[in-house]
Every structure is written in C-alpha cells, then in structure tokens.
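Inside the fold
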Amino acid sequence: MARLTNWAGNVTFSTRLLHRPASVAELQRLVAGAGRVRALGTGHSFSAIADSPGALVSVDGLPRVTRIDPGRATVTVSAGLQYGELAGRLDQAGWALRNLGSLPHISVAGACVTGTHGSGDANGSLATAVSALEMVTAGGDIVKLSRQAGGAAFAGAVVALGALGIVTSLTLDLVPAFGIRQYVYERLPRDQLDEHFADVFASGYSVSCFTDWRSRAIRQVWRKCLAGQHDPGQHDPGQHDPGQRAPAWRGAELATGPRHPVPGMPAAHCTEQLGVPGPWHLRLPHFRPEFIPSSGDELQSEYLVARERAAEALAALDRISGCIAPVLQISEIRTVAADDLWLSPCYRRPSVAFHFTWVKDPGAVAPVLAAIEDELAPLRARPHWGKLFSVSPAALAGLYERLAGFQRLRAEYDPAGKFGNDLVDSWVPASG
Ligand SMILES: Cc1cc2nc3c(=O)[nH]c(=O)nc-3n(C[C@H](O)[C@H](O)[C@H](O)COP(=O)(O)OP(=O)(O)OC[C@H]3O[C@@H](n4cnc5c(N)ncnc54)[C@H](O)[C@@H]3O)c2cc1C
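Here is a short report on the structure shown in this document. (Residues numbered from 1 in each chain as written. Predicted model: local features only at pLDDT ≥ 70, side-chain atom pairs only at ≥ 80, totals over all residues. Heavy atoms only, no water.)

Brief notes about the overall build of the chain
From N to C terminus, the chain includes 12 helices and 20 strands. Taken over the C-alpha trace, the chain has a radius of gyration of 21 Å; the compact-globule value for 432 residues is 22 Å, and the two agree within 12%. Out of the 432 residues in the chain, the part that is buried amounts to 59%. When the accessible surface of the chain is summed, it comes to about 16000 Å², and 53% of that surface belongs to carbon and sulfur atoms. (Helix = DSSP H or I, 4+ residues; strand = E, 2+ residues; numbered from the N terminus. Rg over C-alpha atoms; globule rule 2.2 N^0.38 Å. Buried < 20%, exposed > 50% of the residue type's maximum accessible area, 1.4 Å probe, protein only. Areas by Shrake-Rupley, 256 points an atom, 1.4 Å probe, with all protein chains shown as cover.)

Right under this line is the structure:
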C-alpha cells in the first residue's frame, strides 16, 4: 500500500490505512470500533494536523448532498464536498456563499474546522457560514449541533481541528448569487498601505495585497469588486463603478494583462481579471479549479493579528524582511471579520492576516517562522491552524481564552482522545 502524504508532500502520514465509508452507518460502525481515527479532507494542510496514529477516514465516499432551503437561505452539504463543486451548484440555483478561500479545491469540512478564510473587511472566515453540523463522535453516535439551538457547544464545535468527531454534513448560510469584477494593480507604494491601510482594504468586497518583502512597493493588489446581482448563466451582472478600473490608483498601475500572484507562475492558472464581470465563485478564489493552485511546490504559514495593529505588524515584519525574503515565494495580506467561534483565529477581533508562501525547504523555513513569531508575539498573533507554525502550546493557551472550554467539549465527545494526534494533543490536551 502506497504511503499517504498531504497535498504539498511535506507530510507523510503515520498510517497507510485510509477508510472511505459509503454510508454514515458504515462510518458509525468504523468509528465505534476504532482505536485511534481521524478525518482527512483533501489534505491541503501543511502540518501534520490531519495525521492519525491509527487510521484515517475520508468522508468523500458518503452520498453527495447539496440540499438548498430557499426559505431559510441555507444549503446542507456533505462534509467531503469541495468548494468548487458546491459553488457551481449553488450558482446554478441563483445562490452564493458569502466568501471563498483562494482555492476551490479544498473540502468544506476540512476548511471550516481549521478556520480557513478569504479576504474582505466584512467577510468572516468560511466557518462563520456554518449554521449547523452533524458529526459522528467517539462512541459512533450522531451528534447534531446548530446555531439556532444555541448552547455553547456549537461555537466550540465548528472550528474544532478534527478533534471532536468526524463531520458528515454542514448547513451553510447563503446569499443571492452576485457578480464580481477583479482588478489587479501593480506596485502600490508602500506608504499608501501604511498611511491608508483601512482605505486600501475597504476598496473592494475582497482585497489582497501581495508583497515579497524585498522591495518597499506592494507587488500586486487584487481588488474584487461587487458587480451587482449575478444572473446565473449570464456573464454580465449589470452595473459597476467604472472608477474601479482607473489606470492608476493610489500610485499603483492597473495591470495590462492577467497576473499570477507567485512570480514566474502562469496567469492562466488564475481566475479572470481585467475587470471582466463574472459569477462570485469564478472570481473570489484566486485560482481556477482545473489547475494546481499557488505554485504547487511550497510550504505555507499565516498569522492573524487584530486589525488595529496592522501598522505595528507591518513594521515588525519589515524589521526581519531580510530573513523572510530569501525563503519566500510570495506573501499575501488580507482582512477577515471577527467571529465568535472559540478556536477561530478571528475570535472576537476584526483581523488582518499575514500569509507566507515559502520555498519547499522546511529546514530553511523553520528559523524564519521562529523569527516571525518572536516579532509578532507582542501583537498576540494567532497562527493559521492548517499551516506551519511553531508557537508553543503554552503561548497558544494565552491566545485562545476559550481553550479550556474546548477541552471540556473534547472530554465530553471524545473522552479517550480517539480523534487526537500528537500535534493536536499538544495544542489542546485531551483532558481538561
Ligand atoms: C494552495 C493552498 C492555498 C490555500 N489557501 C488558503 C486560503 O486562501 N485561506 C486559508 O485560510 N487557508 C488556505 N489554505 C489552507 C487550507 O484551506 C486548510 O489547510 C484547509 O484545512 C484544507 O482543507 P482540507 O479539506 O484539505 O483539510 P485537510 O488538510 O485534509 O484536514 C485539515 C483538518 O481538517 C480535519 N477534517 C477534515 N475533514 C474533516 C471531517 N469531515 N470532520 C472532521 N474533521 C475533518 C482534519 O482532521 C484536519 O485536522 C490553502 C492551502 C493550500 C494548499
């Protein structure tokens, strides 16, 4: 049996045993009889977060469900569905998710349990769309939790790092389908970002700044601007602000052709730019579903700080740019709205996320992570759960005030730590 690895190939899982149950009943039997077991999504996390000392289980063999409730404006989906597949179906029916990550290839459950996010001042992480979930807990029971039913458990159970159970389905909030025009600007003078951070990020529905920490200028600003109601099947969603495609904006120039955020990578891999209107799901992600996202030969890390500390975080990273740049492919800065999900990196604070796409050399990247973490520690930076970091468990405990509550949830749903692994157990020990 071949060895199993994550998407990036930097993690070889401890087990070769990957179950793919075809029904929830089969999953329940499997979990009840297992010693240690853990869910694997599409494997796009960069750490050993999905690893299991026992068996892995994928829910992508469960019946594929996309059940839209127009009255409640929700969709109930099978947990293993990838966003790309789900989004196409929603758009056909005239609905949308409020936001998406940079790639459509990841599973809904895998993304939500790690707090995966896109960008947008008013857009919460993808987990904030979850209004209900069903999971199989350690004894093989089905547990249903919902925002509506209330109770602390729900806020603790959405971003759960796979530690409470195997999620089989999720119900997500919907909005009417909408259109987006995507504009890429190049060489934004750094002073503009420093002095007008809030305005730069308020200049679109979803805004990303890409920098290499080599030159002072921001290499690219991707502005994804609302283009009116999207009429599924049509590619002209109506009115837009012609000012969005001004040839110059804050000293940056409108790109004359499509761009890829990673230097040297083909722009054809990216979603359509140049202000061509299109449906939300073909503009909000940076990368097209049919191509490898990002560079494909990489590691990633990301740290989120309170938005009001953005200028301090930029200055802190400037101080060590000389150590960041040599191992960096590209860095992305995004904003994310605050939420109430206990283990969300955006818990109770509107956030700015500093993302790093590294060269694929863990030995060279490790000391740079330590340097970034030292610099950002006074800003109480929270690391992305699905990417590489070395923040100590003690420091994590200081960053998440509801960690003890989460441990109690673990004790309730998984008293023997069946769903744990070394990494997750170090962050959130099984017993409270
Ligand atoms: C190229 C690239 C671009 C990325 N872009 C972004 C981005 O824009 N924004 C961002 O925030 N992140 C981004 N990420 C990170 C990515 O979104 C997260 O790592 C996410 O968790 C991946 O989802 P997955 O399905 O691959 O989960 P996996 O990596 O397979 O698993 C992640 C965690 O989810 C758990 N899990 C999976 N399925 C279930 C289930 N059914 N029940 C319970 N637990 C489950 C696993 O046990 C594990 O703990 C990117 C990653 C890559 C490779």
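So, the site of the ligand
Close to the ligand lie 37 residues; Ala39, Thr42, His44, Ser107 and His117 are nearest. With respect to the ligand, the side chain of Arg38 contributes an N or O atom lying 3.0 Å from an oxygen atom. When isolated, the ligand has an accessible area of 970 Å², and the protein chains bury 99% of it. Counting residues per element, the ones that place at least two in the shell around the ligand are β2 (37–39), α3 (108–113) and β9 (166–173). Of the residues belonging to the shell around the ligand, the class tally is 16 nonpolar, 18 polar and 3 charged. (Near = heavy atom within 4 Å. Polar contact = N/O pair within 3.5 Å; in protein donor to acceptor, adjacent residues only side chain to side chain. Nonpolar A, V, L, I, M, F, W, Y, C, P; charged D, E, K, R; others polar.)

Brief notes about the packing of aromatic side chains
Under the criterion given, the structure shown has 11 aromatic pairs. When the centroid spacing of 5.4 Å and the interplanar angle of 50 degrees are considered together, the rings of Tyr185 and Trp249 count as tilted. Placement of the pair is Tyr185 in strand β11 (residues 178–188) and Trp249 in strand β14 (residues 248–249), with a sequence separation of 64 residues. By way of ring pairs, the aromatic residues Trp385, Phe389, Tyr400 and Trp427 are connected into one cluster. (Phe/Tyr/Trp six-rings, centres within 6.5 Å; stacked < 30°, edge-to-face > 60°.)

Details of the sheet that holds strand β5 (residues 74–78)
Taking strand neighbours across the sheet as the criterion, the 5 strands line up as β4-β5-β9-β7-β8 in an open arrangement whose pairing is antiparallel. Among the strands making up the open sheet, the edge pair consists of β4 (66–69) and β8 (142–146). Pairs of neighbouring strands in the sheet enclose a mean axial angle of 15 degrees, with direction left out of account. In this sheet, β8 lies alongside strand β7 (residues 130–136) in antiparallel orientation, the contact comprising 5 bridges. Its bridge partner lying in β8, Leu133 is registered against Leu145. (Pairing = 2+ DSSP bridges. Axes fitted to C-alpha atoms, helices over the stretch in contact; angles between N-to-C directions.)

Considerations on the pattern of salt bridges
Applying the stated criterion across every chain, the model contains 24 salt bridges. As a salt-bridge pair, Glu302 and Arg334 come within 3.2 Å of each other at their nearest N and O atoms. With Glu302 in strand β17 (residues 299–306) and Arg334 in strand β18 (residues 328–336), this residue pair connects regions lying 32 residues apart in the sequence. Here Arg334 falls in the buried class, since its relative accessible area comes to 4%. A salt bridge links Glu375 to Arg319, with the shortest nitrogen-to-oxygen separation between them at 3.0 Å. (Salt bridge = Lys/Arg side-chain N within 4 Å of Asp/Glu carboxyl O.)

So, the environment of Val221
Counting through the fold element by element, Val221 comes out in strand β13 (residues 218–229). The residues touching Val221, leaving out its near neighbours within four places in the chain, are Tyr183, Val184, Tyr185, Leu188, Val207, Ser208, Cys209 and Trp249. (Contact = heavy atoms within 4.5 Å.)

Re the sheet that holds strand β1 (residues 18–19)
Sheets are built from strands paired through backbone hydrogen bonds, the pairs being either parallel or antiparallel. One open sheet holds the 3 strands; their spatial order is β1-β3-β2, and the pairing between them is parallel. Taken across any chain shown, the strands that pair with only one partner, and hence form the sheet edges, are β1 and β2.

Some thoughts on the pairing of strand β19 (residues 351–358)
With 8 of 8 residues buried, β19 lies mostly within the body of the structure. Along β19, one buried face is formed by Ser351, Ala353, His355 and Thr357 and the opposite face, lined by Val352, Phe354, Phe356 and Trp358, is buried too. Two strands pair when backbone bridges link them, and β17 and β19 are joined in this way by 8 bridges, in the antiparallel orientation. Paired with Glu302 across the strands is His355, a residue of β19. For β18 and β19, the ladder comprises 8 bridges, and the chain directions are antiparallel. In the strand pairing of β19, Thr335 is matched with Val352.

Observations regarding the pairing of β7
In terms of burial, β7 is a largely internal element, 6 of the 7 residues being buried. In textbook terms, the turn of a hairpin is the stretch between consecutive antiparallel strands, and for β7 and β8 this stretch comprises 5 residues, one of which, Gly140, has a positive phi near 90 degrees.

Notes on the packing of helix α7 (residues 310–319) against helix α9 (residues 362–376)
At a closest axis distance of 9 Å, the pairing of α7 and α9 adopts a crossing angle of 140 degrees. Judged on the interaxial angle alone, α9 and α7 are oblique. When you trace α7 past α9, the crossing you get is right-handed. From α7, Ala313, Ala316, Leu317 and Arg319 reach across to α9, where they touch Ile372, Glu375 and Leu376. In terms of residue class, the contact of α7 with α9 is made up of 5 nonpolar, no polar and 2 charged. (Parallel < 35°, antiparallel > 145°, perpendicular 65-115°, else oblique. Left-handed = near helix turned anticlockwise from the far one by under 90°.)

None of the figures reported here should be taken as evidence of function without further support.
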